[in-house]
Amino acid sequence: MDMNHKIARTAGLIYLLVIVTGIFAELYVPSQIIVRGDALATANNMLASESLFRVGIAIGLVASIAFLVLPFVLYRLLRDVNGNLAVLMVVLAVASVPLAFVSKAHDLDALTLLSGADYLRAFTTEQLNAQVMLALKASFNRELVSETLLGLWLLPFGYLVFKSGFLPRIIGILLMIGCFGYLADSFGRILFPVGYAQIGISNFMIVPSALGEVGICLWLLIMGARKRERP
């Protein structure tokens, strides 16, 4: 097995870790805890499932650490395709990670507000529940801003995959389309905060990126990097 195959499969393994941990921390856990627009129900869920919420935070941090490593491994695989774009891919991906860490800090803030500490007695239960929702909203807002960077990094990444000659071009196309889907979704949520989520269009916006990212993950993990085609 040549070096490119080893790097490709390492990247695939890290990508799989990012996807699995991300689904658990960003989709499953919030779906079990957060009740949109209901501070009391959300606070009660957090108290009843505190361990799950804490595990979600920890797994979310693992996802962010894995995503921090991933673009550097991909850089080693794709730098010979176009060095400048490979650097841009790394910069855009890494820039999103601090926002992800801050988002998890806000989740910890929400738990602190429900800790029952003596200094919190100055607030009523309703006030604490409202602040919990504010902390969770702040966490979501950081993720929303991060989504723009998560979209932008897919453009150079997808182009590098498309031009590589040793990875499927269709996956590169899906990744590049996914960039614009991410951007449209994030700006839609920013510009139309009321009613946008209910339209259901956001579910379709991220389909190309989901197909592209899962596709490249599985290809790297299973197939590795085939010999580069000669012009």
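Scroll up a little and you will see the structure.
Residues numbered from 1 in each chain as written. Predicted model: local features only at pLDDT ≥ 70, side-chain atom pairs only at ≥ 80, totals over all residues. Heavy atoms only, no water.

(A) Local environment of the overall build of the chain. Helix and strand content of the chain: 11 helices and 0 strands. In sequence order, the secondary structure elements of the chain are arranged as α-α-α-α-α-α-α-α-α-α-α. In terms of principal-axis extent, the alpha carbons of the chain reach across some 70 × 35 × 25 Å. Going through the 231 residues of the chain one by one, you find that 42% of them count as buried. Long-range contacts, defined as pairs at least 24 residues apart, comprise 75% of the intrachain contacts of the chain with a sequence gap of at least 6. (Helix = DSSP H or I, 4+ residues; strand = E, 2+ residues; numbered from the N terminus. Buried < 20%, exposed > 50% of the residue type's maximum accessible area, 1.4 Å probe, protein only. Contact = heavy atoms within 4.5 Å.)

(B) Up close: helix H7 (residues 154-164). Of the residues making up H7, those classed as buried are Leu154, Pro156, Phe157, Gly158, Leu160, Val161 and Ser164. The inward-facing, buried residues of H7 contact helix H1 (3-33), helix H3 (50-78), helix H4 (83-95), helix H6 (125-152), helix H8 (169-191) and helix H11 (207-223). Positive phi appears at Gly165, one or two residues downstream of H7, with a value of about 85°.

(C) Quick peek at helix H2 (residues 39-48). Within H2, the full set of buried residues consists of Thr42, Ala43 and Met46. The buried side chains of H2 occupy one side of the element, clustering within an arc of 95° when seen end-on. Buried residues along H2 sit in contact with H1, H3, helix H5 (97-113) and H6. Its side-chain oxygen placed 3.3 Å from the backbone nitrogen of Leu40, Asp38 serves as the N-cap of H2. (Arc of directions from axis to C-beta. Polar contact = N/O pair within 3.5 Å; in protein donor to acceptor, adjacent residues only side chain to side chain.)

(D) Region of the structure containing the nonpolar core. In terms of nonpolar packing, the biggest core is built from 37 residues, with Leu78, Trp153 and Phe157 touching the most fellow members. When residues of this core are traced back to their parent elements, those giving at least two are H1, H3, H4, H7, H8 and H11. Here this core gets 7 residues from one element, more than from any other, and that element is H3. Setting aside anything within four residues of it in sequence, one finds Trp153 in contact with Tyr15, Phe67, Leu70, Leu74, Met89, Leu92, Ala93 and Glu213. (Core = buried A, V, L, I, M, F, W, Y, C linked by side-chain atoms within 4.5 Å.)

(E) Local environment of a nonpolar patch on the surface. Nonpolar side chains collect at one region of the surface, where Ile65, Leu68, Val69, Phe72 and Phe101 lie side by side and expose about 410 Å² of accessible area between them. Considering every element that reaches the nonpolar patch, the biggest residue donor is H3, with 4 residues. What makes Val69 partly exposed here is its relative accessible area of 38%. (Patch = residues over 30% accessible without salt bridge, like charges linked within 9 Å, V, L, I, M, F, W, Y side chains within 5 Å. Areas by Shrake-Rupley, 256 points an atom, 1.4 Å probe, with all protein chains shown as cover. Salt bridge = Lys/Arg side-chain N within 4 Å of Asp/Glu carboxyl O.)

(F) Layout of the packing of H3 against H5. Two elements in contact, H3 and H5, have axes whose closest approach is 10 Å; the angle formed by their N-to-C orientations is 170°. Looking at the two axes, H3 sits roughly antiparallel to H5. Between H3 and H5, the residues in contact are Glu50, Phe53, Arg54, Ile57, Gly60, Leu61, Ser64, Ile65, Phe67 and Leu68 and Val97, Ala100, Phe101, Lys104, Asp107, Leu108 and Leu111, respectively. In terms of residue class, the contact of H3 with H5 is built from 11 nonpolar, 2 polar and 4 charged. (Axes fitted to C-alpha atoms, helices over the stretch in contact; angles between N-to-C directions. Parallel < 35°, antiparallel > 145°, perpendicular 65-115°, else oblique. Nonpolar A, V, L, I, M, F, W, Y, C, P; charged D, E, K, R; others polar.)

(G) Examining the packing of aromatic side chains more closely. Inspection of the entire model under this criterion finds 4 aromatic pairs. Site record: aromatic cluster; members linked through ring pairs are Tyr15, Phe67, Trp153 and Phe157. A cation over a ring is seen here: Arg169 above Phe162, with NZ or CZ 4.7 Å from the ring centre. (Phe/Tyr/Trp six-rings, centres within 6.5 Å; stacked < 30°, edge-to-face > 60°. Lys NZ or Arg CZ within 6 Å of the ring centre and 35° of its normal.)

(H) Main features of the environment of Gly224. As for its placement among the helices and strands, Gly224 is situated in the segment after H11. Separated by 41 residues in sequence, Gly224 and Leu183 place their C-alpha atoms 29 Å apart. In this view, Gly224 contacts His5, Ala8, Arg9, Leu167 and Trp219; residues no more than four positions away in its chain are not counted.

(I) Representation of the pattern of salt bridges within the structure. This model, assessed by the stated rule, comprises 6 salt bridges. Between Asp107 and Lys104 there is a salt bridge; the shortest N-O distance is 3.7 Å. With Asp107 and Lys104 both in helix H5, this residue pair falls 3 residues apart, about one helical turn. For Glu143, the salt bridge goes to Lys104, with nearest N and O atoms at 3.9 Å. Separated by 39 residues along the polypeptide, Glu143 in helix H6 and Lys104 in helix H5 bring together distant segments of the chain. In this structure, a network of salt bridges that share partners links the residues Glu26, Lys104, Asp107 and Glu143.

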